[in-house]
Amino acid sequence: MRKFIPPFIAAGFAIALWQSIIIMTDVPRFILPSPATVAETWWKSRALIAEHTLVTLIEILVGLAVGVSFGILTALSLASSQTARVLMQPILVFTQALPVFALAPILTLWLGFGLGSKVAMSVLIIYFPVTSAFFDGLMRTPQGYLDLAKTMQARPRSVLWHIRVPAALPSLASGLRLSAVYAPIGAVIGEWVGASQGLGYLMLLANGRAKTDLMFAALFTLGILSVVLFLIVKRLTERWSDRSRSLI
Amino acid sequence: MTDAPTITITGTAQIDGVPLFTDLDLSLPAGGWTCLLGPSGVGKTTLLRLIAGLDTGAAFDGTITTSDAQPPPPRVAYMAQEDLLMPWASVAQNVNFGAKLRGEVLDTARVDDLLDRVGLTEHAQKKPHELSGGQRQRAALARTLMEDKSIILLDEPFSALDARTRADMQDLAYKLLTGKTVFLVTHDPAEAARLGHAIHVMSADGIQSVAPPDGPAPRGVDDINTLKAQGALMQLLRGDAHA
């Protein structure tokens, strides 16, 4: 329980600072609403916020599932084929040099204003960190394990499944934690470019109508959603991470 | 298991054009322990890896022959200084790892028997990180025995253990590896003096054979002949044997 205390103290401090800025500068509420106003709006609009949160959550989860699957498959094929490495690595690096955000309008054009374009945006953002982390782990199998496998006359497929993949799980775990942080960003960017629902859409809408308190309420909801998602993924991958400590 | 063969390795090895060993001629007698001593970097491990069929990074020009004319690699079991236990698998699964990698039927009765022989029965379901260094090497020994190979290559497998555990492991390994052609690469003159049927010291100048102490191995840690042989080997290693 004790580890939960510091975050609450930090949050309390941030809220106090926020409130004191408002008191000292007397800034209008459409520029910066007070914490109390935001909380009040959040409570009053909870049904509206919940509705849009659900949309964004679905985009994030579908994006995560698709992006992580593609990332894992790519890493596995890169790790098991020299030809795939030679052909795909430059492309992978090049796609990372492109600002993914710039693709958002095109994705909306191609996939429409619905779920598709947001999922695609999330997938684009998640794909590289997962691929890169898992691939890295797959290529860093301790040489001793591979030597042992060779003297045991292991089949190449067994080496991949029984040694390289389990040894790379801690790396995959760090890729998954990153993807949990990136997926909401992708979904929200997708919503900013073109959407009729979702937290990103709600934030834009509220901002346009000078309902800054609602904008903040949606923003905090998104933040909490991301943190909860990260904590869940972290928890789920903890077992794998622990293994890395016992690796030689 | 086929009968343990005699292995003869002759030839020259170099790394990036720099000779590692030249005109080497080493024979590992069938069913006995051959101990190879020497400082780091003279090519002991390279030699062992050549027999195992593993990558060495060295260019080897020579031959590795056996008394039954079959190549060594499929008959080799290998044990290194690190136990190489898979951290995600239990001790029992690790002992059975070779069968799993070859897609063979798992022989759990044999695993139980081997775990009993190395004294790890009660630790069978534990993960490697829950074991002590000595227990981990015993699990690695059980895995090596599980392979049921006639050639055993040991690359300093006991060097990271404390003195007492090391002596215990030497006794246990010697007992369990009887009848196999064992090649032990070691830094420790005491280990070579206790276990070797044949002892060789490798240096930049080549390989020098040393007569093993009298008496059957494993020789007592306090045996006077063994201690004398240990001292002589130490002198040889220090390069002042003729001083």
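This text goes with the structure placed above it.
Not measured: the values here are computed from a predicted model.

Peer 1: What am I meant to see in the overall build of chain A here?
Peer 2: Along its length, chain A carries ten helices and zero strands. Based on the C-alpha atoms only, the size of chain A along its principal axes is roughly 75 × 50 × 30 Å. Classification of the 248 residues of chain A by burial places 44% in the buried group. When contacts within chain A are restricted to residue pairs at least 6 apart in sequence, long-range pairs at least 24 apart make up 73% of them. Total accessible area on chain A is roughly 13600 Å²; 71% of this is exposed by carbon and sulfur atoms.

Peer 1: Hey, could you run me through the nonpolar core in this one?
Peer 2: The nonpolar side chains of a soluble globular protein tend to be buried, and buried together. Among the nonpolar cores identified, the biggest contains 43 residues, and B:Trp33, B:Leu115, B:Leu141, B:Leu154 and B:Leu177 are the most heavily contacted of them. Looking at which element gives the most residues to this core, the answer is helix H5 (residues 133–146) of chain B, with six residues. Ignoring sequence-local partners within four residues, the contact set of B:Trp33 consists of B:Leu154, B:Ala173, B:Tyr174, B:Leu177, B:Val182, B:Leu184, B:Leu195, B:Gly196, B:His197 and B:Ala198. The next biggest cluster of nonpolar side chains, apart from the first, holds 38 residues, and it includes A:Tyr145, B:Met86, B:Ile151 and B:Val185.

Peer 1: What's the story with unusual backbone geometry in this structure? I'm lost.
Peer 2: Apart from glycine, the bulk of residues carry a negative phi angle, and the bulk of peptide bonds sit in the trans form. Residues and elements named next belong to chain B. Here the residue pair Ala 217 and Pro 218 is connected by a cis peptide bond, since its omega of -5 degrees sits within 30 degrees of zero. Mapped onto the secondary structure, Pro 218 falls in the loop between strand E9 (206–210) and helix H8 (224–238). Backbone geometry places Ala 69, a non-glycine residue, at a positive phi of 65 degrees. Its location among the elements puts Ala 69 in the loop between strand E4 (59–66) and strand E5 (76–79). The class of Ala 69 is exposed, set by a relative accessible area of 70%. The backbone of Leu 84 sits at a positive phi, close to 55 degrees, despite the residue not being glycine.

Peer 1: Can you help me understand the interface of chain A and chain B in this one?
Peer 2: Reports of interface size often rely on the accessible area that becomes lost once the parts have come together. Counting residues at the interface gives 21 residues for chain A and 27 residues for chain B. At the boundary of chain A with chain B, the tally comes to one salt bridge. Ionic pairing is found between B:Arg49 and A:Asp147, a salt bridge with its closest N-O pair at 2.8 Å. Summed over the shared surface of chain A and chain B, the number is six residue pairs in polar contact (both at pLDDT 80 or more). Counting residues per element, the ones that place at least two in the side of chain A that touches chain B are helix H7 (143–151), helix H8 (156–193) and helix H10 (212–246) of chain A. By residue class, the composition of the side of chain A that touches chain B is eleven nonpolar, six polar and four charged.

Peer 1: Can you walk me through the pattern of salt bridges in this structure?
Peer 2: Note on pairing: side chains with opposite charge can pair once their charged atoms come close. Tallying each qualifying case throughout the model produces 14 salt bridges over all chains. Here A:Arg235 and A:Glu238 are joined by a salt bridge, their closest N and O atoms 3.7 Å apart. You can see A:Arg235 and its partner A:Glu238 sitting in helix H10, three residues apart, about one turn around the helix. Since its relative accessible area comes to 62%, A:Arg235 is described here as exposed. Residue classification places A:Glu238 among the partly exposed residues on the basis of a relative accessible area of 33%. With a closest N to O distance of 3.8 Å, B:Arg164 and B:Asp168 form a salt bridge. Here the residue B:Arg164 and the residue B:Asp168 both occupy positions in helix H6 (residues 163–176), the gap between them amounting to four residues, near one helical turn.

What counts, and at which threshold
- Residues numbered from 1 in each chain as written.
- Chains lettered and ligands numbered in written order.
- Predicted model: local features only at pLDDT ≥ 70, side-chain atom pairs only at ≥ 80, totals over all residues.
- Heavy atoms only, no water.
- Helix = DSSP H or I, 4+ residues; strand = E, 2+ residues; numbered from the N terminus.
- Buried < 20%, exposed > 50% of the residue type's maximum accessible area, 1.4 Å probe, protein only.
- Contact = heavy atoms within 4.5 Å.
- Areas by Shrake-Rupley, 256 points an atom, 1.4 Å probe, with all protein chains shown as cover.
- Core = buried A, V, L, I, M, F, W, Y, C linked by side-chain atoms within 4.5 Å.
- Salt bridge = Lys/Arg side-chain N within 4 Å of Asp/Glu carboxyl O.
- Polar contact = N/O pair within 3.5 Å; in protein donor to acceptor, adjacent residues only side chain to side chain.
- Nonpolar A, V, L, I, M, F, W, Y, C, P; charged D, E, K, R; others polar.

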